[in-house]
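Okay, here's what each chain looks like letter by letter:
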Amino acid sequence: MSVATEKRLIAKIERLKRERQAIIIAHNYQIGEIQDVADFIGDSLELSQKAAQTNAEVIVFCGVHFMAETAAVLCPNQTVLLPDLDAGCGMSEMITAAEVRALKAQHPGAVVVCYVNSSAEVKAESDICCTSSNAAKVVQSIPADREVIFIPDQFLGAHVERQTGRKLILYNGYCPTHFRIMTSELAEAKAEHPGALVLAHPECTPQVSAAADQVLSTSGICTEARKTDHSEVIVATEIGILHRLQKENPDKEFIPACKWCDCAHMKVNTLEKLLWSLEEMQFPIAVPPSVAVRAKTAIDRMLEISKAK
Ligand code: 13P
Ligand code: SF4
């Protein structure tokens, strides 16, 4: 797209945003053009918190379906739009509500902790949600004598086990995008950049996480990248985050641990689709009230725990 076309698109998006009293929120993995036009960018927890707080009539959610659904659950009186309904999530599709019910039947009395990367139906079957930035805190809030079922991400679950020293009942879900990051490739990047700091997302395999200096949520990676004195940082997560990292830290070099760690779902949103979304008010995300009410309880519990010191 030419610079002039991009400018025209952005001007139209800005005008419609004002007319519709809309806010554009975007995940850290969105393409650079969307990050640049968004009112707010962040990780899953920050985006849920932003959705819970905003008075905007329309929330255009540039992220994936489960994120827009979480916003719709938290904002039943506002319109939540997802620019492309194909923005799914490989991990969230790995578990159904029926599978959660089966797990609960196998482990009666266990507390179900559900990573937000899941459908509203799955959240509705769960006791409490978590994100990558608060999963350990959420698990620590549960009495030590209670069994905990952790769904659906086995690798985030394994990371929480290491952080808390607690044994969890893990499900076998994982992120197909983060699964592409291989320890051999990371080792090569480390050999080429021996002084670099290595930051990884907890959706990486335990082997990749073990080779990192820190394991953090996407916004945690952005914060650490700003704070560090290292001039080179190897980043083991989805490559969309590199735009924000480079923009916020022009004097540092960011090296992807895997150049192919690209989430196709996150990348279906484009500037054109964002404009159409505002023009046509497409695609509204709604959750049936009977599901929303139960999913909201699990999300609200997480937001409460996140607020507590
Ligand atoms: P964050 O909550 O860390 O932004 O992660 C969301 C996600 O989908 C990672 O793949
Ligand atoms: Fe889902 Fe993985 Fe994409 Fe995150 S990166 S949205 S977990 S498929």
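What this report covers is the structure whose coordinates are included nearby. Because the structure is predicted, anything quoted here is derived from the model rather than measured.

1. Remarks on the overall build of the chain
Looking only at helices and strands, one finds 14 helices and 12 strands in the chain. At 19 Å, the chain has a C-alpha radius of gyration in line with the 19 Å of a compact globule built from 309 residues. Overall, the C-alpha framework of the chain stretches about 60 × 55 × 35 Å when taken along its three principal axes. Looking at the chain residue by residue over its 309 residues, the buried ones come to 56%. Contacts spanning at least 24 positions in sequence make up 64% of the contacts within the chain whose residues lie at least 6 apart. Approximately 13400 Å² of the chain is accessible, and the part contributed by carbon and sulfur atoms is 52%. Charge-centre separation for the chain: the mean point of 31 positive side chains lies 5 Å from the mean point of 39 negative side chains.

2. Digging into the site of ligand 2
Around ligand 2, the structure places Tyr29, Val64, Cys89, Gly90, Asn117, Cys175, Thr177, Glu203, Cys263 and Met266. Looking at the shell around ligand 2 residue by residue, the classes come out as six nonpolar, three polar and one charged.

3. Quick word on the site of ligand 1
In the vicinity of ligand 1, the contacting residues are His27, Tyr29, Asp43, Ser44, Tyr115, Asn117, Ser132, His178, His201, Glu203, Ser217 and Thr218. Take His27: an N or O atom from its side chain is 2.6 Å from an oxygen atom of ligand 1. Here Ser132 contributes a side-chain N or O atom positioned 2.7 Å from an oxygen atom of ligand 1. Counted by class, the shell around ligand 1 contains two nonpolar, eight polar and two charged residues.

4. Here's the deal with the sheet that holds strand E1 (residues 22-27)
What links the strands of a sheet is backbone hydrogen bonding, and the strands pair in either a parallel or an antiparallel sense. Spatial ordering of the open sheet is given by E2-E1-E3-E4, a layout of four strands whose pairing is parallel. Two strands lie at the open edges of the sheet, namely strand E2 (40-42) and strand E4 (79-81), each paired on one side alone. Neighbour-to-neighbour, the strand axes of this sheet turn through a mean angle of 20°, independent of strand direction. Where E1 meets strand E3 (residues 58-62), five bridges bridge the pair, whose relative direction is parallel. Within E3, the position partnered with Ala22 by the bridge is Val58. Of the strands in this sheet, E1, E2 and E3 touch helix H3 (residues 44-53), which is tilted by about 145° from E2.

5. Thoughts on the packing of aromatic side chains
Tallied over the entire structure, the rule returns two aromatic pairs. For the ring pair Tyr174 and Phe179, a centre distance of 5.0 Å and an interplane angle of 50° mean the geometry is tilted. Residue classification places Phe179 among the partly exposed positions, given a relative accessible area of 45%. Members of the aromatic cluster, each reached through a chain of ring pairs, are Phe155, Tyr174 and Phe179.

6. Some points on the nonpolar core
Within soluble globular proteins, side chains that are nonpolar generally end up buried alongside one another. Ranked by internal contacts, the top residues of the largest apolar core, which has 66 residues, are Ile59, Phe61, Val113, Phe150, Val235 and Leu245. In contact with Phe61, not counting residues within four places along its chain, are Ile25, Leu47, Met67, Ala68, Ala71, Val80, Leu81, Leu82 and Pro83. With 17 residues, the next largest nonpolar core counts Val58, Cys62, Leu271 and Leu275 among its residues.

7. Quick notes on the side chain of His159
Looking at where His159 falls in the secondary structure, it is placed in helix H8 (residues 154-164). His159 sits in the buried class, given a relative accessible area of 10%. Look past the residues within four positions of His159 in its chain and what remains in contact with it is Pro202 and Val215.

8. Examining the sheet that holds strand E10 (residues 214-215)
The strand order E10-E9-E11-E12 describes an open sheet built from four strands, whose pairing is parallel. Lying at the two open borders of the sheet, with one neighbouring strand each, are E10 and strand E12 (253-256). In this sheet, E12 lies alongside strand E11 (residues 232-236) in parallel orientation, the contact comprising four bridges. Opposite Val233, over in E12, you have Phe254 as the bridge partner.

The rules behind each value
- Residues numbered from 1 in each chain as written.
- Chains lettered and ligands numbered in written order.
- Predicted model: local features only at pLDDT ≥ 70, side-chain atom pairs only at ≥ 80, totals over all residues.
- Heavy atoms only, no water.
- Helix = DSSP H or I, 4+ residues; strand = E, 2+ residues; numbered from the N terminus.
- Rg over C-alpha atoms; globule rule 2.2 N^0.38 Å.
- Buried < 20%, exposed > 50% of the residue type's maximum accessible area, 1.4 Å probe, protein only.
- Contact = heavy atoms within 4.5 Å.
- Areas by Shrake-Rupley, 256 points an atom, 1.4 Å probe, with all protein chains shown as cover.
- Lys, Arg positive; Asp, Glu negative; His and termini not counted.
- Charge placed at Lys NZ, Arg CZ, Asp CG, Glu CD.
- Near = heavy atom within 4 Å.
- Nonpolar A, V, L, I, M, F, W, Y, C, P; charged D, E, K, R; others polar.
- Polar contact = N/O pair within 3.5 Å; in protein donor to acceptor, adjacent residues only side chain to side chain.
- Pairing = 2+ DSSP bridges.
- Axes fitted to C-alpha atoms, helices over the stretch in contact; angles between N-to-C directions.
- Phe/Tyr/Trp six-rings, centres within 6.5 Å; stacked < 30°, edge-to-face > 60°.
- Core = buried A, V, L, I, M, F, W, Y, C linked by side-chain atoms within 4.5 Å.

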